[in-house]
Amino acid sequence: MGFIDTIKARAKADKKTIVLPESEDRRTYEAAAQILKEDLANLIIIGSEEAVKKGSEGLDVSKATIVDPEKNEKTQAYVDKLVELRAKKGMTPEKARETILNDYTYYGVMMVKMGDADGLVSGACHSTANTLRPCLQILKTKPGTKLVSAFFLMVVPDCEYGDDGVFVFGDCGLNQNPNPEELAAIAESSAESYRMLTGNEPRVAMLSHSSKGSAKHADVDKVVEATRIAKEANPDLALDGELQLDAAIVPSVGASKAPDSKVAGKANVLIFPDLDAGNIGYKLVQRLAKAEAYGPMTQGIAAPVNDLSRGCSAEDIVGVVAITAVQCQAQ
Ligand SMILES: CC(C)(COP(=O)(O)OP(=O)(O)OC[C@H]1O[C@@H](n2cnc3c(N)ncnc32)[C@H](O)[C@@H]1OP(=O)(O)O)[C@@H](O)C(=O)NCCC(=O)NCCS
Ligand SMILES: CC(=O)OP(=O)(O)O
């Protein structure tokens, strides 16, 4: 059974309710039809009956619940709650109504906040900033977590590295230039995500253009410091840095560049030093190695809400919804 089939089986075993706010995108309906056929989750699609009927033409999404914000009796409660949460930031009843009626990501996040859905998946036709901003503003970080970050679950075909080609890459979607404390927090959350989703022990590599002092630069110093912080806070976690990518995943290179490391050559969780490296890195592996790339999934947030790349396929949405459902089970 491949990785995503295992996740789908877990999702099916305890079905959760996931909201899909992008009723203007055909891929939402293609994915919804597949999710309902495979019985992976209960779905809520946000949109008018007419829009959903037109958008889903030729596809069976009849088992999804359609929520029309203009008609839903709970809309006023969402408005009131948004005002309560954001009044200090200048949110008025008029602005709150306009926001949730014009931006269904806000509407869907309010549904999750109010307990009317377990999780949300959006981002097929909205940028990551516009998808994650409402999530961060409304749901906030999980208690005990310092930072929300974004990871990709990568499944690389015919790959002997990681755990048979399964990796977590972080942060590839949210934090643009994390400082050492933030990088350490990203590493901790990514290790936790790996353990929860794969059932395997994480082996975390803090990536750099240097391995164990082979290059000198402030960028390297940042990763060295992040490694120190993460190790100090998590003495039992297999985590090491700074490592180049080859030293992190290729056993022979790891043995030569970092002979004393317990992680070098065996890493299954790759922590990129900044968002440029992370975002470019995941897209390189996705496109050139034809890897499945699920994400950007959030971690460290109070409820499971996940983003998509605008370049995603309907199949990617199916996978992200299944992973989101499994995250909901772990809440
Ligand atoms: C997500 C993003 C838009 C948030 O930044 P922003 O719009 O400038 O918004 P702010 O910094 O005002 O943050 C909005 C809220 O989220 C919170 N927040 C922002 N980043 C956060 C993080 N990493 N963890 C927890 N909370 C965070 C802020 O504290 C703020 O809360 P408040 O409004 O209650 O005070 C920004 O980090 C971003 O653009 N990231 C890159 C996304 C991207 O382009 N990725 C590449 C493609 S995947
Ligand atoms: C994750 C990501 O890069 O998202 P997008 O392709 O939508 O910018």
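- An unreviewed UniProt entry annotates the protein as Phosphate acetyltransferase of Fusicatenibacter saccharivorans.
- Annotation of the protein in UniProt includes, under Catalytic activity (unreviewed entry), the sentence "acetyl-CoA + phosphate = acetyl phosphate + CoA".
- The Sequence similarities (unreviewed entry) comment attached to the protein in UniProt states, word for word, "Belongs to the phosphate acetyltransferase and butyryltransferase family."

1. Description of the site of ligand 1
Step number 1: Close to ligand 1 lie 18 residues; Arg86, Lys89, Arg133, Lys140 and Gly173 are nearest.
Step number 2: In the model, a nitrogen atom of ligand 1 is placed 3.0 Å from a nitrogen or oxygen of the valine 148 main chain.
Step number 3: Interatomic distance of 2.9 Å between a backbone N/O atom of glycine 173 and a nitrogen atom of ligand 1.
Step number 4: Contact with the protein chains hides 64% of the accessible area of ligand 1, taken as 940 Å² for the molecule alone.
Step number 5: When contributions to the shell around ligand 1 are tallied by element, the ones reaching two or more residues are α7 (128-138) and α12 (275-288).

2. So, the environment of alanine 314
Step number 1: Position of alanine 314 among the secondary structure elements: in helix α13 (residues 314-330).
Step number 2: Residues alanine 314 and alanine 32 lie 282 residues apart in sequence; the distance between their C-alpha atoms is 8.5 Å.
Step number 3: Among all residues touching alanine 314, those that are not within four sequence positions of it are Arg27, Glu30 and Ala31.

3. Digging into the pattern of salt bridges
Step number 1: Here the structure, examined in full by the defined rule, presents 16 salt bridges.
Step number 2: The salt bridge partner of arginine 27 is aspartate 25, with a shortest N-O separation of 2.8 Å.
Step number 3: Measuring nitrogen to oxygen at the nearest pair gives 3.0 Å for the salt bridge that ties lysine 231 to aspartate 240.
Step number 4: In this structure aspartate 240 comes out as buried when scored by relative accessible area, which is 5%.
Step number 5: Taken together, the shared-partner salt bridges in this structure form one network comprising Lys8, Glu38 and Glu315.

4. Describing empty space enclosed by the protein
To find leftover empty space, a probe the size of one water molecule is rolled over the atoms.
Step number 1: Tallied over the entire structure, the rule returns two cavities of 30 Å³ or more.
Step number 2: There is about 50 Å³ of room inside the largest cavity.
Step number 3: Considering the residues around the largest cavity, the lining is formed by Phe152, Tyr282, Gln286, Ala293, Tyr294, Gly295, Leu308, Ser309, Cys312, Asp316 and Val320.
Step number 4: Counting residues per element, the ones that place at least two in the lining of the largest cavity are α12, β10 (292-299) and α13.
Step number 5: Looking at the lining of the largest cavity element by element, the count peaks at three residues for β10.
Step number 6: By residue class, the composition of the lining of the largest cavity is seven nonpolar, three polar and one charged.
Step number 7: Each pocket or cavity is described by its volume, and for the second largest cavity that value is around 40 Å³.
Step number 8: In terms of lining, the second largest cavity is formed by Leu20, Pro21, Glu22, Thr28, Val121, Ser122, Ala124, Leu308 and Ile317.

5. Notes on the site of ligand 2
Step number 1: Close contacts around ligand 2 come from Thr128, Phe152, Asn279, Tyr282, Lys283, Pro296, Ser309 and Arg310, and that covers them all.
Step number 2: Here an oxygen atom of ligand 2 sits 2.9 Å away from a polar atom, N or O, in the side chain of lysine 283.
Step number 3: Serine 309 is positioned with one of its side-chain polar atoms (N or O) 2.7 Å from an oxygen atom of ligand 2.
Step number 4: About the coverage of ligand 2: the protein hides 87% of its 260 Å² of free accessible area.
Step number 5: For ligand 2, the cavity whose grid points lie within 2 Å of the majority of its atoms is the second largest pocket.
Step number 6: Sort the elements by how many residues they give to the shell around ligand 2 and α12 lands first, with three residues.
Step number 7: Across the shell around ligand 2, the residue classes break down as three nonpolar, three polar and two charged.

6. Focus: the environment of leucine 120
Step number 1: Summarising the element assignment, leucine 120 is placed in strand β4 (residues 119-121).
Step number 2: Residues leucine 120 and serine 56 lie 64 residues apart in sequence; the distance between their C-alpha atoms is 19 Å.
Step number 3: With residues near it in sequence (within four places) discarded, leucine 120 still touches Ile18, Val19, Pro21, Thr105, Gly108, Val109, Val112, Pro304, Val305, Asn306 and Thr324.

7. Let's talk about the state of the cysteines
Step number 1: Under the defined criterion, the tally for this structure stands at zero disulfides.
Step number 2: Residue cysteine 159 stays outside any disulfide, its sulfur separated by 16 Å from that of cysteine 172, the closest cysteine.
Step number 3: Free of any disulfide, cysteine 312 has its nearest cysteine sulfur in cysteine 125, 8.8 Å distant.

8. Details of unusual backbone geometry
Step number 1: The omega angle of the peptide bond from glycine 241 to glutamate 242 is -15°, so this bond is cis rather than trans.
Step number 2: For glutamate 242, the location among the structural elements is in strand β8 (residues 238-243).
Step number 3: With an omega of 0°, the peptide bond running from glycine 295 to proline 296 counts as cis.
Step number 4: With respect to the element layout, proline 296 can be found in strand β10.
Step number 5: Positive phi, close to 45°, is recorded for aspartate 158, a residue that is not glycine.
Step number 6: With respect to the helices and strands, the residue aspartate 158 is situated in the loop between β5 (149-155) and β6 (166-170).
Step number 7: You can call aspartate 158 exposed: its relative accessible area is 82%.
Step number 8: For lysine 212, which is not glycine, the phi dihedral falls at a positive 50°.
Step number 9: By the secondary structure assignment, lysine 212 is in the loop between β7 (203-207) and α9 (218-233).

Criteria and cut-off values
Along each chain, residues carry numbers from 1 onward, in the same order as the chain's sequence is written. Following the order in which they are written, the chains are lettered starting with A and the ligands numbered starting with 1. With the structure being a predicted model, the display of local features is reserved for residues of pLDDT at least 70 and the display and counting of side-chain atom pairs for 80 or more, all residues being used for whole-chain, interface and lining totals. Side-chain metrics in this entry use all non-hydrogen atoms of the structure; hydrogen atoms and water are not considered. UniProt positions are given in the numbering used here, feature names are shortened, and annotations may be inferred rather than shown by experiment. The criterion for a residue being near a molecule or strand is simple. One of its heavy atoms has to lie within 4 Å of it. Each polar contact in these results corresponds to two N or O atoms within 3.5 Å; when the atoms are within protein, one needs to be able to donate a hydrogen and the other to accept it, and residues that are neighboring in sequence are counted only if both atoms are side-chain atoms. Each accessible area is a Shrake-Rupley result for a 1.4 Å probe, and residues are judged covered by the shown protein chains and nothing else. Counting from the N terminus, the helices are DSSP H or I runs at least four residues long and the strands are E runs at least two residues long. Residue contacts are counted whenever heavy atoms from the two residues lie within 4.5 Å of one another. Put simply, a salt bridge is a Lys or Arg side-chain nitrogen that is within 4 Å of an Asp or Glu carboxyl oxygen. Each residue gets one of three labels from its accessible area relative to the maximum for its type: buried under 20%, exposed over 50%, partly exposed in between, using a 1.4 Å probe on protein chains only. Points on a 1 Å grid, built from protein atoms alone, make a cavity when a 1.4 Å probe fits but cannot get out and make a pocket when they are open with protein on both sides within 12 Å along at least 5 of 7 lines; residues with an atom within 4 Å of a point are the lining residues. Grid points are joined across faces, edges and corners, and a volume is the space filled by probe spheres set on the points. Each residue is assigned to one class: nonpolar for Ala, Val, Leu, Ile, Met, Phe, Trp, Tyr, Cys and Pro, charged for Asp, Glu, Lys and Arg, and polar for all the others, Gly among them. Whether a molecule sits in a cavity or pocket is decided by its atoms, more than half of which must lie within 2 Å of the grid points. In what follows, a disulfide is any cysteine sulfur pair within 2.5 Å.

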